[in-house]
Each structure stands twice: as C-alpha cells, then as structure tokens.
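Here is how the chains run, residue by residue.
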Amino acid sequence: MPKVLVSDPIDQAGIDILSQVAQVDVNTGLSAAELVAIIPDYDALMIRSGTQVTKEIIEAGNLLKIIGRAGVGVDNVDVPAATRKGIVVVNSPEGNTIAAAEHAIAMMLSMSRHIPEANASVKSGKWERNRFIGVEVYKKTLGIVGLGKIGSHFAAAAKAMGMKLLAYDPFISAERAEQLGCRLVELELLMRESDYITLHIPKTPETLHLINAEVLSKMKPTARIINCARGGIIDEAALAEAIKSGKIAGAAIDVYEHEPLEADSPLRTVGQNIVLTPHLGASTAEAQVNVAIDVAEQIRDVLLGLPARSAVNIPGIFPDSIEKLKPYLQLAETLGNLVSQLAGGRVDYLNVQLQGELATNQGQPVVVAALKGLLSQALRERVNYVNASIEAKERGIRVVETRDASIRDYTGSLHLRAKGTLGEHTVTGAVLGESEIRITSVDDFPVNVAPTHHMLFTLHRDMPGIIGRIGSQLGSFNVNIASMQVGRKIVRGDAVMVLSLDDPLPEGILAEIIKVPGIRDAYTVNL
Ligand SMILES: NC(=O)c1ccc[n+]([C@@H]2O[C@H](COP(=O)([O-])OP(=O)(O)OC[C@H]3O[C@@H](n4cnc5c(N)ncnc54)[C@H](O)[C@@H]3O)[C@@H](O)[C@H]2O)c1
Ligand SMILES: O=C(O)CC[C@@H](O)C(=O)O
C-alpha cells in the first residue's frame, strides 16, 4: 500500500479519502531535518502553508510521486525541484477563495472601526466610546491589486457596500475589469487615488517587495492597506515606518515574510493602526473541508495512476477531456518511443502533428506524452509527464507542434517526425474503436499494425523472395514471428516490412539481416 505523509493539520475529510488507497501518517510540526529523514518512505506528501518543501526534502523523496498543497499558494514548495524530479505538485485553486476574500473584507472593516482595540478595551473593563471613532468604507475608493478569484470576490462585495473600485492587474483585460465594476489602472495611480488598497496577487520574483517604501509613499495619509495574499509582497520594515510616521493611516496584515512572525518584527510595535492576524485567510471550517477534499482526491487519483485535475507543473487536462484523450496519450507515448528508436536514440528535432479530430483537441498533453515516449529509451522510468518537457529542453530537442484537421484517414491520428543520429524518420498512428492503438505508417509507407513489445522494421526493395529470406534468417536464430506486414507505395519499389516478434532479437542478427540482398536498412525496436 502506498504511504502518504500529512505534515500540516488537514481536515479529516481529506484523511478519509486518502485512507481508501494509502497508509496515512499525520505527523505535523516536523523540522526540515526530520522531514528529510522520513520522506524517503513516502509516496505522497500533503501540506498546508506550514511546511516548507525545500529542494533537500524533494531530493530525499525518492518514492515521492505527488505533493499536494491544501490551498492556493505553492510558494512554500520548490516547484522547479519537484518538476525536475518528476513529482506532480497539485493545489486547490478555488477551495478557499471565499474564505480568503471574506477575511480581507473583515480586515478592512475591523481596521476602519478599531474592532480589535475596542474589543480588548471592553474586555479589560473599560468603556471608551470616544477613543474608537472609525471611518466608513461607503463611497471610498478601493484599489484591488490582482483581480483574480479572490480579488474579484472582494470587488463584488465592495461594490455592494458602495465603494468605487480601481484595479491593477497586468494580466486581465479592461473589459473583464469593467464587468467586475472596476476601472483598470496602473499601480501608481491606484496607490495615489485609493482610500483602501487590498493585495490579491501571488508571491513571485516580480511581486517580491512590489509594495516598497517608494510605492507606499504614493499613498494618501488617510489611506489603509490590506495584505491577505502573501508575506514579502509588502516590505514590512517600510510599512511599519510608513504607519509610525503617519505617512499612511493603517494596515491589516494576515501574511508575513517569515511565518510565524518574528518576536522582534517591526510590525509588532506599530500600535493600534495595524491589525495583525496569524495567516487565517483560509481558516474557515468550509474552506478547510473544501481544500482537504480537493487535494486528497487528486493525491488518491495520482496514486491510482490517474491524472490530477489541478497540477501546477504538468499540462492541465480539462476533466471532461481526460477520458477522450487517454488513448491518444498512450498512442503519443508509443509513437514517441518508436520514432526515437528509428531515428537512433539521440533526437534533436521532433514535429508532432495532430490530425483530424485530434487537431481540435488540447495539444499540449499529447506533445508531452510524445516527448515522454521519445525520452523513455534514455531515461527509462526517470521521465514522466512532469519532467518530459524540461528534459527535452535541456537535451536541446527542438519541439514543434502542428495541426491538420483536414487529414481524415482516421477519426484522429498523430504523425511524428524526428531527426536523430540515424537521420529523419516518421511514424503515424491512430486509435481504433475505444482504445486500440495502431501504427498506420512508417516513413510514410502505409501499414496497419498493433505495436508489440519486440519489433523489427526493415526498408527494402519490394521483390520476390525477400520476405522468405528474412523469415529464414530469424528462424535460424530461433526467433518466432508473431505477425508480419509489408507497406509499399508502388509495386516493386521501396517498401517497409514490420514484424512483431515473440522474442527480442539476439545480438548480431541485425548485421546479418542488413546483408540480405535488397534490404536497405533494418531497425530493432522494443516498445
Ligand atoms: N491568506 C490566506 O490564507 C490566503 C488564502 C488563499 C489565497 N491566498 C493568496 O491569495 C493570492 C491570490 O489568490 P487567487 O486565488 O485570487 O489567485 P488568482 O490566480 O485567481 O489571482 C491572482 C491574480 O493576480 C494577478 N497577478 C499576477 N501577478 C501580478 C502582478 N505582478 N501584478 C498584479 N497582478 C498580478 C493575476 O493576473 C491574477 O489575476 C495568492 O497569493 C494566494 O496564495 C492567501
Ligand atoms: O494553509 C493555509 O491555511 C493557508 C492557505 C493559503 O495561504 C493559500 O494560499 O491557500
């Protein structure tokens, strides 16, 4: 039974799903060294934001197939290191959207009405009504940085509260922003004009310290900023200084550059104009159930050999296309493996042409499958859907995807052309019925053969006696032929012969076959 390590607190609903297919060990609060020590035993790792999945942990995870992040942000996972090792990283892109948006709204309102201090004051026995005069958000301008899922939900709620909306998001259109009631503007204008600024962007090298001293200096002295996205997007020292010196009115922060927040963080000494929560954006009962189920289901599926629906480091396949595409992924892998052997293993160019109905489908997963097949001779089980593209890129393989929907020999077919040490070779294949894979051409000679484990391909002159001679040669080496087919374009011209063999070809026989008069080339293939 596979083993799953759950290293952060996860809702029981997720554990129940994982337990259907795996031994689940819940072991939270581990140090990095402890994780490195135990990870070699595990097939899957499930985390929230508490575990930093470093390169060292990934390198040590020799059985790891999947890392599941029960949440959105995967900035606590070294995704490039996981990709290189062929480990799928999945998240739950929507499970906590509402929770995070509602937390940001709560932060905006509690900051505006001094709720944390007022609560502490009453609980300490005081009744200080004049000390806590707040401000309204009605008719104020809200600047949303990042108009994705959480930013959009905040926008809808803020609009209903009568706020005017600005948004900065270089990756969405002005039309989309307009649909959400926002005016799309540059960051500088948003910082200058907003009374409230809320951040809903991922932490990336581009967004690290996006909100620094200079950007904060553009804000109005009455303006307030909310960060429920990721620590590090705001420069914390600059923020503390801006509030203390009265350059801005306040801030509400849920996420920090270092979590837990250090005891001596300047944010802790800002006083009453800052509201701090300990990364609670996703902490609702509903969101924790959503993300636990979402990610546990994906871990279960991957452990069962099925695709994950929200993988961040493999080409996504829309769930409704998975069933339809599966036989084509198998076909692409088989053809990739075949063409790499015909082209001599070291391939430097691959053209993947999607034909017929397949041309109207998602192409990227099929191309990745072809690359996986292409590299499987060299890398064996080290190559998979996660790292095939990187491995191909690092080997300098130029990959071109083309489409031709007008080719209708089969409902959908796939044509691969590869250039390698043995020159240029092409193969075409199709899926018959539900899932039967056929090789339908080799070097543009039409054939119709099912791929088998051991195969022999020859290029020869179509002339009497040649098939018999190959048969006798194989017989003399005690190799049994399971099936044989010849593909030719014209009678007595060039032809290819495809033989399926019951046994692998013994050493040396290929050299004998090539000596047969009329044989131009011969290739052994193991699929
Ligand atoms: N506090 C929490 O507990 C909590 C919970 C959930 C999500 N989050 C964080 O909230 C953030 C947003 O989540 P989401 O689900 O809305 O993501 P999303 O992918 O739906 O939206 C992110 C938006 O940011 C935009 N963006 C990316 N780079 C940008 C840049 N440099 N400048 C401006 N916009 C940029 C994108 O175009 C996208 O529209 C993530 O960082 C996530 O980790 C925090
Ligand atoms: O794990 C958590 O509670 C936080 C999750 C949140 O930061 C996210 O990115 O989804």
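All of these numbers come straight from a predicted model, not from anything done at the bench.

Participant: Can you walk me through the overall build of the protein in this structure?
Facilitator: Per the secondary structure count, the protein includes 17 helices and 22 strands. Against the globule reference of 24 Å for 527 residues, the protein gives a C-alpha radius of gyration of 30 Å, more extended than a compact globule. Expressed along its principal axes, the backbone C-alpha trace of the protein runs to roughly 105 × 50 × 35 Å. A sequence separation of at least 24 residues applies to 65% of the contacts in the protein between residues at least 6 apart. Approximately 23900 Å² of the protein is accessible, and the part contributed by carbon and sulfur atoms is 52%.

Participant: I tried to follow the sheet that holds strand β2 (residues 23–26) on my own but got confused; where do I start?
Facilitator: The pairing of strands in a sheet happens through backbone hydrogen bonds and is either parallel or antiparallel. In space, the five strands of this open sheet follow the order β2-β1-β3-β4-β5, with parallel pairing throughout. Pairing within the sheet leaves two strands with one partner each, and these edge strands are β2 and β5 (88–90). Taking each pair of neighbouring strands and ignoring which way they run, the sheet shows an average axis angle of 15°. Alignment of strand β1 (residues 3–6) against β2, held across four bridges, turns out to be parallel. The residue bridging L5 from the neighbouring strand is D25, located in β2. Where helix α1 (residues 12–19) meets the sheet, its contacts fall on β1, β2 and β3 (44–47), and the angle it forms with β2 comes to roughly 150°. Against the sheet, helix α12 (residues 285–303) engages β1, β3, β4 (66–69) and β5, with an angle of about 175° to β3.

Participant: Hey, could you run me through the site of ligand 2 in this one?
Facilitator: Neighbouring residues of ligand 2: R48, S49, R69, G71, V72, G73, N96, R230, H279 and A282. The contact in question runs from an oxygen atom of ligand 2 to an N or O atom on the backbone of S49, over 3.2 Å. Between N96 and ligand 2, the recorded distance is 2.8 Å, taken from a side-chain N or O atom to an oxygen atom. For ligand 2, whose accessible area on its own is 290 Å², the fraction buried by protein is 92%. Each residue belonging to the shell around ligand 2 can be placed in one class, and the counts come to two nonpolar, five polar and three charged.

Participant: Got a minute to help me understand the nonpolar core in this structure?
Facilitator: A general feature of soluble globular proteins is that nonpolar side chains tend to end up buried together. Core analysis: the biggest nonpolar cluster contains 46 residues, and L350, L414, L416 and F457 have the highest contact counts within it. The residues that make up this core include at least three from each of domain 3 (316–451) and domain 4 (452–526). Once you skip the residues sitting within four places of it in the chain, L416 turns out to touch A332, L335, G336, V339, L350, N351, V352, A370, H425, T426 and V427. Grouped together as the second largest cluster of nonpolar side chains are 32 residues, L190, L199, I234 and L261 included.

Participant: Can you walk me through the site of ligand 1 in this structure?
Facilitator: Around ligand 1, the structure places 25 residues, and the nearest of them are K149, I150, D169, C228 and D254. Within the contact set of ligand 1, an oxygen atom lies 3.4 Å away from a backbone nitrogen or oxygen of G148. Contact distances for ligand 1 include 3.0 Å between a nitrogen atom and a backbone N or O atom of C228.

Participant: Explain the pairing of strand β20 (residues 481–488) to me, please; I cannot follow it from the model alone.
Facilitator: With seven bridges joining them, β20 and strand β21 (residues 494–501) adopt antiparallel strand pairing. Paired with R488 across the bridge in β21 is A495. Hairpin geometry of β20 and β21 is characterised by an intervening segment of five residues between the two adjacent antiparallel strands and by a positive phi of about 60° at R492.

Participant: I'm lost on the sheet that holds strand β6 (residues 141–145) in this one. Help?
Facilitator: Taken together, the seven strands give an open sheet; going across it, the order is β8-β7-β6-β9-β10-β11-β12, and neighbouring strands pair in parallel fashion. Edge positions in the sheet fall to β8 (182–184) and β12 (274–276), since each has one partner strand and no second. In this sheet, adjacent strand axes meet at a mean angle of 15° when their direction is disregarded. Contacts from helix α5 (residues 97–112) reach β6, β9 (196–199), β10 (224–227), β11 (250–253) and β12 within the one sheet, and its direction differs from that of β10 by about 150°.

Participant: Please clarify how the pattern of salt bridges should be interpreted in this entry.
Facilitator: Pairs may arise between side chains of opposite charge once their charged atoms sit close together. By the definition in use, this model includes 21 salt bridges. Note that R438 and E436 form a salt bridge whose closest N and O atoms lie 3.0 Å from each other. For R438, a relative accessible area of 18% gives the class buried. Ionic contacts of the salt-bridge type, sharing partners, join the residues R84, E391, E394 and R395 into one network.

Participant: Hey, could you run me through the state of the cysteines in this one?
Facilitator: Here a disulfide denotes a covalent bond joining the sulfur atom of one cysteine to the sulfur atom of another. What the rule picks out here adds up to zero disulfides. Considering cysteine sulfurs only, C228 is the nearest to C182, which forms no disulfide, with 17 Å between them. According to the relative accessible area criterion, C182 is buried, its value standing at 4%.

Participant: Any chance you could explain the packing of aromatic side chains here in plain terms?
Facilitator: The relative placement of two aromatic rings is captured by the distance of their centres and the angle of their planes. Taken as a whole, this structure holds zero aromatic pairs when the rule is applied. Above the plane of the ring of Y42 lies K3, whose end atom (NZ or CZ) is 5.0 Å from the centre. Directly above the ring of Y349 sits K419, whose terminal nitrogen or CZ lies 4.8 Å from the centroid.

Participant: Teacher, can you tell me more about the UniProt feature "domain: ACT" (unreviewed entry) in the protein here?
Facilitator: Here the UniProt feature "domain: ACT" (unreviewed entry) sits at residues 455–527. Helix makes up 23% of residues 455–527 and strand makes up 42%, while its end C-alpha atoms are separated by 8 Å.

Participant: So what exactly am I meant to see when it comes to the side chain of H103 here?
Facilitator: Its place among the elements puts H103 in helix α5. Of note is the side chain of H103, whose polar atom sits 3.1 Å from the side chain of T277.

Participant: Looking at this model, I keep getting lost on the side chain of T334. Mind explaining?
Facilitator: Secondary-structure assignment places T334 in helix α13 (residues 319–342). T334 sits in the buried class, given a relative accessible area of 12%. Among all residues touching T334, those that are not within four sequence positions of it are I437, P451 and L527.

Rules and cut-offs
- All residue numbers refer to position in the chain's written sequence, counted from 1.
- Here chains are named by letter from A upward and ligands by number from 1 upward, in the order in which they appear as written.
- Side-chain atom pairs in this predicted model are given and counted only at pLDDT of 80 or more, local residue features only at pLDDT of at least 70, and totals for whole chains, interfaces and linings cover all residues.
- Remark: hydrogens and water are excluded; side-chain values derive from all non-hydrogen atoms of the structure.
- Here a helix means four or more residues in a row that DSSP labels H or I, a strand means two or more in a row labelled E, and each is numbered from the N terminus.
- Radius of gyration: over C-alpha atoms. The globule rule applied is 2.2 Å multiplied by the number of residues raised to the 0.38 power.
- When checking whether two residues touch, look at their non-hydrogen atoms; a contact exists if any pair is within 4.5 Å.
- The protein chains shown are the only cover counted for residues, whose accessible areas, like all others here, come from Shrake-Rupley with a 1.4 Å probe.
- Here, a strand pair is defined by DSSP locating no fewer than two bridges between the strands.
- Every angle, taken between N-to-C directions, lies between 0 and 180 degrees, and every axis is a line fitted to C-alpha atoms, over only the stretch in contact when it is a helix.
- The nearness test applies per residue and asks whether one of its heavy atoms lies within 4 Å of the molecule or strand.
- Between N or O atoms, a polar contact is any pair within 3.5 Å; within protein, one atom must be a potential hydrogen donor and the other a potential acceptor, and residues adjacent in sequence are included only when both atoms are from side chains.
- In the scheme used here, Gly and all other residues not listed as nonpolar or charged are polar, with Ala, Val, Leu, Ile, Met, Phe, Trp, Tyr, Cys and Pro taken as nonpolar and Asp, Glu, Lys and Arg as charged.
- The term nonpolar core refers to a set of buried residues drawn from Ala, Val, Leu, Ile, Met, Phe, Trp, Tyr and Cys, joined through side-chain atoms within 4.5 Å.
- Exposure categories follow from relative accessible area, calculated using a 1.4 Å probe and restricted to protein chains: below 20% of the type maximum is buried, above 50% is exposed, and the middle band is partly exposed.
- What counts as a domain boundary in this text is fixed by an automatic or database domain assignment.
- Throughout this description, the term salt bridge denotes a Lys or Arg side-chain nitrogen within 4 Å of a carboxyl oxygen of Asp or Glu.
- Any pair of cysteine sulfurs within 2.5 Å is marked as a disulfide.
- Working definition: rings of Phe, Tyr and Trp (its six-membered ring) pair if their centres are within 6.5 Å, and the pair is stacked with planes under 30 degrees apart, edge-to-face with planes over 60 apart, and tilted otherwise.
- For a ring to carry a charge above it, either NZ of a lysine or CZ of an arginine must fall within 6 Å of the ring centroid while also lying within 35 degrees of the normal to the ring plane.
- UniProt positions are given in the numbering used here, feature names are shortened, and annotations may be inferred rather than shown by experiment.

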